[in-house]
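Observations on the model geometry
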Amino acid sequence: MKQEVIEAEELGYAPCRYGSSKVLFRGPRRRLDRPYMAFVGGTETYGKFIEKPFPVLVERAMRQTCVNFGCVNGGIDAFVNDTSVMEICRDADLTVVQVMGANNLSNRFYSVHPRRNDRFLKASTVLQAIYHDVDFSEFAFTRHMLGALHGKSPDRFETVVNELREAWLARMRNMLGQIGGRVILLWFSDEQFDDQNWTLRPSQLQADPLFITASMVDELRSLVLDIVVANPTPAALAAGTTGMFYPASQAAMATEMLGVQCHQEASARLIETIRVQLYHAS
């Protein structure tokens, strides 16, 4: 996975593997022969350009090993079919699962790369029939493809969105079932946790987690211990890239990510809930 190569000379990600997994995760590699918590998610969990992403901050505050299974541009598919990751999460004292978008997963309409889930591989015959006027060979990434489909026909696009949402819910139930009940879902985003239509959100197709609503997450509530909503404050968002490490060539990318203060706020909310679940639950 090329995106796991150290991309900023000032910041090392110490990529490592666990078990038989083919994915390189952010290190240093944590020991699994003592109590630990696991963190599953996308770019935010990985902590791209962030020296101390929220899993590290939780580890330091809780004084318990935290294993970071964050995957840059990852979706549910990067984890649900990875037996090593699922086994490690199942054996954890607690697993935090970041709510990821519905765009980066294989479904009835298209398939994505099994590990680099933002990579579009192939459209199904069903999608090709719905969008018979689109050349799918032009696309390499899911957002590019989805943007083109929406631009071609917003009406037909709603069929795609509904399929992605159904696939997301099914895949999440699968993953949570494999991990077991000791899971906290984390909504870590500058998008509000509500049921606003994605077309009305300021970021539209650039929103994360894309196409996910509060009602969809609430459908999973019975399968988890709790749901933590970490919307950064205006002050944290205003801090921008302060404290982040990135090469000049990726400055624009860095400005689109949640910064250091956002991670600090997310960790504070998580720590409060984790303490309740691990030490005060009856």
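Right, let's walk through the structure included here. (Residues numbered from 1 in each chain as written. Predicted model: local features only at pLDDT ≥ 70, side-chain atom pairs only at ≥ 80, totals over all residues. Heavy atoms only, no water.)

A word on empty space enclosed by the protein
Heads up, the rule is: Method remark: on a 1 Å grid restricted to protein atoms, a set of points is classed as a cavity if a 1.4 Å probe fits but cannot get out and as a pocket if it is open with protein on both sides within 12 Å along at least five of seven lines; lining residues have an atom within 4 Å of a point. Grid points are joined across faces, edges and corners, and a volume is the space filled by probe spheres set on the points. Residue polarity follows a fixed list, in which Ala, Val, Leu, Ile, Met, Phe, Trp, Tyr, Cys and Pro are nonpolar, Asp, Glu, Lys and Arg are charged, and the others, Gly among them, are polar.
Under the criterion given, the structure shown has 1 cavity of 30 Å³ or more. The space that makes up the largest cavity amounts to roughly 40 Å³. Class assignment of the residues belonging to the lining of the largest cavity gives a composition of 6 nonpolar, 2 polar and 2 charged.

Focus on the state of the cysteines
Heads up, the condition is: The rule for a disulfide is simple: a pair of cysteine sulfur atoms within 2.5 Å. Three exposure classes are used, based on accessible area relative to the maximum for each residue type with a 1.4 Å probe and protein chains only: buried under 20%, partly exposed in between, and exposed over 50%.
Across all of its chains, the model carries 0 disulfides by this definition. Free cysteine Cys-71: the closest other cysteine sulfur is in Cys-16, separated by 12 Å. By relative accessible area, which is 0% here, Cys-71 ends up buried.

Quick notes on the side chain of Gln-64
In plain terms, the rule: Helix and strand definitions follow DSSP, with helices as H or I runs of at least four residues and strands as E runs of at least two, each counted in order from the N terminus. In the analysis that follows, any N or O atom pair within 3.5 Å is treated as a polar contact, provided that within protein one partner can donate a hydrogen and the other can accept it, and provided that, for residues neighboring in sequence, both atoms belong to side chains. The contact rule is simple, with two residues in contact once any of their heavy atoms fall within 4.5 Å.
Along the polypeptide, Gln-64 turns up in the loop between helix H2 (54-62) and strand S2 (65-70). At a separation of 2.9 Å, a polar atom in the side chain of Gln-64 contacts the side chain of Asp-93. What Gln-64 contacts, discounting residues up to four positions off in sequence, is Pro-35, Tyr-36, Met-37, Glu-59, Asp-93, Leu-278 and Tyr-279.

Things to note about unusual backbone geometry
Going from Gly-27 to Pro-28, the amide bond is cis rather than trans, its omega being 0 degrees. The topology assignment puts Pro-28 in the segment before strand S1 (36-41). Note the cis peptide between Asp-208 and Pro-209, where omega equals 0 degrees. Position of Pro-209 relative to the elements: it lies in the loop between strand S6 (183-188) and helix H8 (214-218). The backbone phi angle of Ala-14 is positive, close to 45 degrees, even though this residue is not glycine. Topologically, Ala-14 is positioned in the segment before S1. Positive phi is not limited to glycine here, since Arg-63 has a value of about 55 degrees. Here Arg-63 is to be found in the loop between H2 and S2.

A look at the packing of helix H6 (residues 142-152) against helix H7 (residues 154-179)
Heads up, the rule is: For helices, the fitted axis covers only the stretch in contact; all axes are lines through C-alpha atoms, and the angles between them, taken along N-to-C directions, range from 0 to 180 degrees. Throughout, the term roughly parallel applies to angles under 35 degrees, roughly antiparallel to angles over 145, roughly perpendicular to angles from 65 to 115, and oblique to all others.
As a packed pair, H6 and H7 sit with axes 6 Å apart at the nearest point and diverge in direction by 140 degrees. The orientation of H6 with respect to H7, classified from their angle, is oblique. Contacts between H6 and H7 involve Leu-146, Leu-149, His-150 and Lys-152 on the former and, on the latter, Pro-154, Arg-156, Phe-157, Val-160 and Leu-164. Partitioning the contact of H6 with H7 into residue classes produces 6 nonpolar, 1 polar and 2 charged.

Here we look at helix H11 (residues 260-280)
Convention followed: Expected helix span is computed as 1.5 Å times (number of residues minus one).
Across its 21 residues, H11 extends 29 Å between first and last C-alpha, which sits within 8% of the 30 Å expected from 1.5 Å per residue. Along H11, the residues that are buried comprise Cys-262, His-263, Ala-266, Ser-267, Leu-270, Ile-271, Thr-273, Ile-274 and Gln-277.

A look at the side chain of Thr-213
Tracing the chain through its elements places Thr-213 in the loop between S6 and H8. Excluding residues that lie within four positions of it along the chain, Thr-213 makes contacts with Arg-165, Asp-194 and Asp-195.

Describing the environment of Met-253
Within the secondary structure, Met-253 sits in helix H10 (residues 251-255). Discounting residues that sit within four places of it in the chain, Met-253 has contacts with Lys-48 and Phe-49.

Digging into the packing of aromatic side chains
Heads up, the rule is: Pairing of aromatic rings covers Phe, Tyr and Trp, the last through its six-membered ring, and needs centres within 6.5 Å; plane angles under 30 degrees mean stacked, over 60 mean edge-to-face, and all others mean tilted.
This model, assessed by the stated rule, comprises 15 aromatic pairs. Judged by centre distance (5.2 Å) and plane angle (75 degrees), the ring pair of Tyr-18 and Phe-69 falls under edge-to-face. Here Tyr-18 is found in the segment before S1, whereas its partner Phe-69 is found in strand S2, with 51 residues between them in sequence. Given a relative accessible area of 1%, Tyr-18 falls into the buried group. Ring geometry for Phe-136 against Phe-139: centres 6.1 Å apart, planes inclined by 75 degrees, an arrangement best described as edge-to-face.

Notes on the layout of surface pockets
Considered as a void within the structure, the largest pocket measures approximately 990 Å³ in volume. As for the largest pocket, its lining consists of 35 residues, and the residues nearest its centre are Thr-43, Glu-44, Asn-73, Arg-143 and Asp-208. Elements that contribute at least two residues to the lining of the largest pocket include exactly helix H1 (43-46), H6 and S6. Among the residues making up the lining of the largest pocket, the classes are represented as 12 nonpolar, 14 polar and 9 charged. The calculated volume of the second largest pocket comes to roughly 210 Å³. Arg-26, Gly-27, Pro-28, Glu-51 and Val-56 are, among the 16 residues lining the second largest pocket, the residues nearest its centre. Listing elements by their share of the lining of the second largest pocket, those giving two or more residues are H2 and S2. Considering every element that reaches the lining of the second largest pocket, the biggest residue donor is H2, with 3 residues. Residue composition of the lining of the second largest pocket, grouped by class: 8 nonpolar, 3 polar and 5 charged.

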